[in-house]
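Here is what each chain is made of, one letter per residue.
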Amino acid sequence: MKRIPLVIANWKMHGQIEWMQHYIHEFVKASGTPGQSEIVLCPPFVYLQQLKVLLRETEVGLGAQNLHDSEQGAFTGEVSAPMLKELGCSYVVVGHSERRRLFGETDAAVAAKFAAARLYSLVPILCVGENEAERAAGITERVVQRQLDAVLQSCGIDVFAGAVIAYEPVWAIGTGVTATPAQAQAVHGFIRNYIASLSPSSASSMRVLYGGSVRASNVAELAQEPDVDGALVGGASLVAKEFLAICAGFNK
Ligand code: PEP
């Protein structure tokens, strides 16, 4: 099955209104002919509305970086799936390693967020990946399988049809150290084979993105790998031209 490459910018807690206006201006000016990849920008919550307006005349999609698993309630500081939907989001990141590590999100909490996103027709971008010690101990696949199993157990296999999984080795995020294409392909292949063992059609339709210090300078070799269907980009997505070059790296 042919999968359209997907390239997602995770701006994390960066950006201000003026910066964003300039960024989108640069992005639109430089993008010229439409590429073959689907592109999504994930700004901080407070800029979603503004960014939606700025992206009105473009094909670029909108995503959020997180959500709460409840529809509404007394959860100070949180944002729900229907709120994101109303703001025009199509995607939402769930289980980013910074959320797991700095905010104590467990596999079960990530699975609940995944389910909430699906309920409101948002596509969850499920982040999985091992840390440095886990890789050194040779348990990368075990860790990734555990993270997938949490979602499988609470949501079932069907949710993986058309899903987006981001393999993000924690040791590669924001470090400037990128997984080699072979390392990325090995884990991407493992993820696809694991899902295929439960549902071949889900496995062939889902997109597995790589994340971890992707740059314009290293995207081409990653993009050649058969199971790398796009990228989730942090730091390098903050510079419009660099991010565009990364997107272009997936044009075949
Ligand atoms: C990320 O935070 O998802 C990420 C991949 O960051 P970076 O590209 O900066 O490593």
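Look up a bit, the structure's there.
Rules behind the numbers
Residues numbered from 1 in each chain as written. Predicted model: local features only at pLDDT ≥ 70, side-chain atom pairs only at ≥ 80, totals over all residues. Heavy atoms only, no water. Helix = DSSP H or I, 4+ residues; strand = E, 2+ residues; numbered from the N terminus. Rg over C-alpha atoms; globule rule 2.2 N^0.38 Å. Buried < 20%, exposed > 50% of the residue type's maximum accessible area, 1.4 Å probe, protein only. Contact = heavy atoms within 4.5 Å. Lys, Arg positive; Asp, Glu negative; His and termini not counted. Charge placed at Lys NZ, Arg CZ, Asp CG, Glu CD. Phe/Tyr/Trp six-rings, centres within 6.5 Å; stacked < 30°, edge-to-face > 60°. Arc of directions from axis to C-beta. Core = buried A, V, L, I, M, F, W, Y, C linked by side-chain atoms within 4.5 Å. Expected span 1.5 Å × (residues − 1). Pairing = 2+ DSSP bridges. Axes fitted to C-alpha atoms, helices over the stretch in contact; angles between N-to-C directions. Disulfide = S-S within 2.5 Å.

Undergrad: Tell me about the overall build of the protein chain, and name the residues and values.
TA: Counting its secondary structure elements, the protein chain contains 11 helices and 8 strands. The C-alpha radius of gyration of the protein chain comes to 17 Å, within 12% of the 18 Å expected for a compact globule of 252 residues. A buried classification covers 52% of the 252 residues belonging to the protein chain. Here the contacts in the protein chain between residues at least 6 apart in sequence split such that 71% fall between residues at least 24 apart. The centroid of the 20 positive side-chain charges in the protein chain is displaced by 2 Å from the centroid of its 24 negative side-chain charges.

Undergrad: With reference to specific residues and values, describe the packing of aromatic side chains.
TA: Scanning the model with the defined rule gives 8 aromatic pairs in all. Relative to Tyr-23, the ring of Trp-11 has its centre 4.9 Å away and its plane inclined at 70°; by these criteria the two rings are edge-to-face. Of the two residues, Trp-11 is situated in the loop between β1 (6-10) and α1 (17-31) and Tyr-23 in helix α1; the sequence distance between them amounts to 12 residues. Considered together, Trp-11 and Tyr-23 belong to a single accessibility category, that of buried residues.

Undergrad: Describe in detail helix α11 (residues 240-248), supporting the description with residues and values.
TA: Residues of α11 that are buried: Ala-240, Phe-243, Leu-244, Ile-246 and Cys-247. Taken down its axis, α11 places every buried residue within 155° of arc, on the same side.

Undergrad: Outline the nonpolar core, listing residues and values.
TA: By size, the foremost hydrophobic cluster in this structure holds 68 residues, and its most contacted members are Leu-41, Phe-160, Ile-191 and Phe-243. Looking at this core, the element that brings in the most residues is helix α8 (residues 181-196), giving 6 residues. When residues no more than four places from it in sequence are discounted, the contact partners of Ile-191 are Val-128, Val-144, Leu-148, Ile-165, Tyr-167, Met-206 and Val-208.

Undergrad: I'd like to hear about α1, residue by residue, with values.
TA: Across its 15 residues, α1 extends 21 Å between first and last C-alpha, which sits within 8% of the 21 Å expected from 1.5 Å per residue. Of all the residues in α1, the buried ones are Met-20, Tyr-23, Ile-24, Glu-26 and Phe-27. Looking straight down α1, one finds its buried side chains confined to an arc of 160°; they lie on one side. Opposite its buried face, α1 presents the exposed residues Glu-18, His-22 and Lys-29, each directed more than 90 degrees away. Elements that come into contact with the buried residues of α1 comprise β2 (38-42), α2 (48-54) and α11.

Undergrad: Any details on the sheet that holds strand β6 (residues 164-167)? Residues and values, ideally.
TA: Strand order around the closed barrel formed by 8 strands is β1-β2-β3-β4-β5-β6-β7-β8, with parallel pairing between neighbours. Taking each pair of neighbouring strands and ignoring which way they run, the sheet shows an average axis angle of 25°. In the sheet, strand β4 (residues 91-94) pairs with strand β5 (residues 123-128) via 4 bridges, with the strands oriented parallel. When the sheet's bridge partners are listed, Val-94 is paired in β5 with Leu-126. On the sheet, α8 packs against β5, β6 and β7 (207-211) and is oriented at approximately 150° with respect to β7. Packing of α11 onto the sheet brings it into contact with β1, β2 and β8 (230-233), and relative to β1 it is tilted by some 160°.

Undergrad: Report on the state of the cysteines, specifying residues and quantitative values.
TA: Summed over all chains, the structure comprises 0 disulfides. The thiol of Cys-247 is not disulfide-bonded; the next cysteine sulfur, from Cys-42, is found 12 Å away. Here Cys-247 falls in the buried class, since its relative accessible area comes to 3%.

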